[in-house]
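Chain by chain, the residues run as shown.
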Amino acid sequence: MDGIFNLAAKWRYMYGNRGSAPVVMRGIIGRGWGQGATHSQSLQSLFGHFPGLYVATPDSPADAKGLLISALRADTPVILLENRGLYGLEGEVPEEPVAVPFGKGRIARAGDDITIVAASLMVHEAEQAAEVLAGHGVSAEVVDVRSIRPLDDAMICESVAKTGHLVVADTSWARYGFSAEVAAVVAENVPQALRAPVRRVTPPDCPAPVSWPLENAFNPGAETITRACLETLRSAQGSVPEIEDVEDVMAGFIGPY
């Protein structure tokens, strides 16, 4: 950590922009299948806190390749954090080296009623939630930020300005984290757009349990996001309807990593 936070991240600043430390680091994060508190966690907010680092959380094979290409071409130290729950995911990947830029998110699903901002595995959970919400007459827009630092503030604010409602979904804790940063960006830039308080969907404020059933209950997913969206819209939509069980994105995960 000293090499990352105090050397690589600060090199350009401390030496007056003469040279840098263009190192690319990849790490596995996220929940497992009973690996305990020291292995079932996400560290994007920790790395994202430090100026001088780029931090990205790809959620698709194409973005995993594209962000890696951008990282290898950059003159900035980069942390690529890959959620182990996504390693079984398949998708189209261009053969040519198509770079995905840092700080540029994507609209994973367009919508008009509520914005769900998510990263990594939670993008897929949010897309499932949006599908369920559509059945309740709610049009949800899913914003995949792709990178934590730099963050696509403009895309987030433009979406919230359109929908007026915001739910942020993250695999890490709410306090001092990615979800708090997104909420702050909206509060500082488009507070007048919000027609209801921001909701954050994150794990409880405690370490992850070892027990498989407890770990499933500990980690939020599509059903949690769906309920948060409906509760956010409740003042305009009336009471929250019953929600049937939503398929877990991690249902096919078998490990070992």
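Scroll up to find the structure.
Predicted, not measured: the structure shown is a model, and the values here were computed from it.

Caption draft 1: Inspection of a nonpolar patch on the surface at higher detail. Together, Leu7, Trp11, Tyr13, Met14 and Tyr15 make up a nonpolar patch on the protein surface, roughly 620 Å² of accessible area in all. With three residues, the single largest contributor to the nonpolar patch is helix H2 (residues 11–14). Position of Trp11 relative to the elements: it lies in helix H2. With a relative accessible area of 35%, Trp11 lands in the partly exposed category.

Caption draft 2: Broad picture of the sheet that holds strand E3 (residues 78–83). Strand order in the open sheet formed by four strands is E1-E3-E2-E7, with mixed pairing between adjacent strands. Every other strand in the sheet has two partners, leaving strand E1 (24–29) and strand E7 (147–149) as the edge strands with one partner each. Shown here is a sheet whose adjacent strand axes are inclined to one another by a mean of 20°, direction ignored. Pairing geometry for E1 and E3, over six bridges, is parallel. Looking across to E3, one finds that Gly27 is bridged to Leu81.

Caption draft 3: Focus on the pattern of salt bridges. Within the structure shown, the criterion is met by nine salt bridges. As a salt-bridge pair, Arg26 and Glu82 come within 2.7 Å of each other at their nearest N and O atoms. Highlighted residues: Arg26 in strand E1 and Glu82 in strand E3, separated in sequence by 56 residues. Relative accessible area serves as the criterion here: at 11%, Glu82 is assigned to the buried category. Arg106 serves as the salt-bridge partner of Asp59, at 3.3 Å between the closest nitrogen and oxygen. Of this pair, Asp59 sits in the loop between strand E2 (54–56) and helix H4 (61–73) while Arg106 sits in strand E4 (residues 106–109), placing them 47 residues apart in sequence. Overall, Asp59 belongs to the buried group, its relative accessible area being 2%. Taken together, the shared-partner salt bridges in this structure form one network comprising Asp59, Arg106 and Asp144.

Reading guide: rules and limits
- Residues numbered from 1 in each chain as written.
- Predicted model: local features only at pLDDT ≥ 70, side-chain atom pairs only at ≥ 80, totals over all residues.
- Heavy atoms only, no water.
- Patch = residues over 30% accessible without salt bridge, like charges linked within 9 Å, V, L, I, M, F, W, Y side chains within 5 Å.
- Areas by Shrake-Rupley, 256 points an atom, 1.4 Å probe, with all protein chains shown as cover.
- Salt bridge = Lys/Arg side-chain N within 4 Å of Asp/Glu carboxyl O.
- Helix = DSSP H or I, 4+ residues; strand = E, 2+ residues; numbered from the N terminus.
- Buried < 20%, exposed > 50% of the residue type's maximum accessible area, 1.4 Å probe, protein only.
- Pairing = 2+ DSSP bridges.
- Axes fitted to C-alpha atoms, helices over the stretch in contact; angles between N-to-C directions.

Nothing here speaks to function; it is all geometry.
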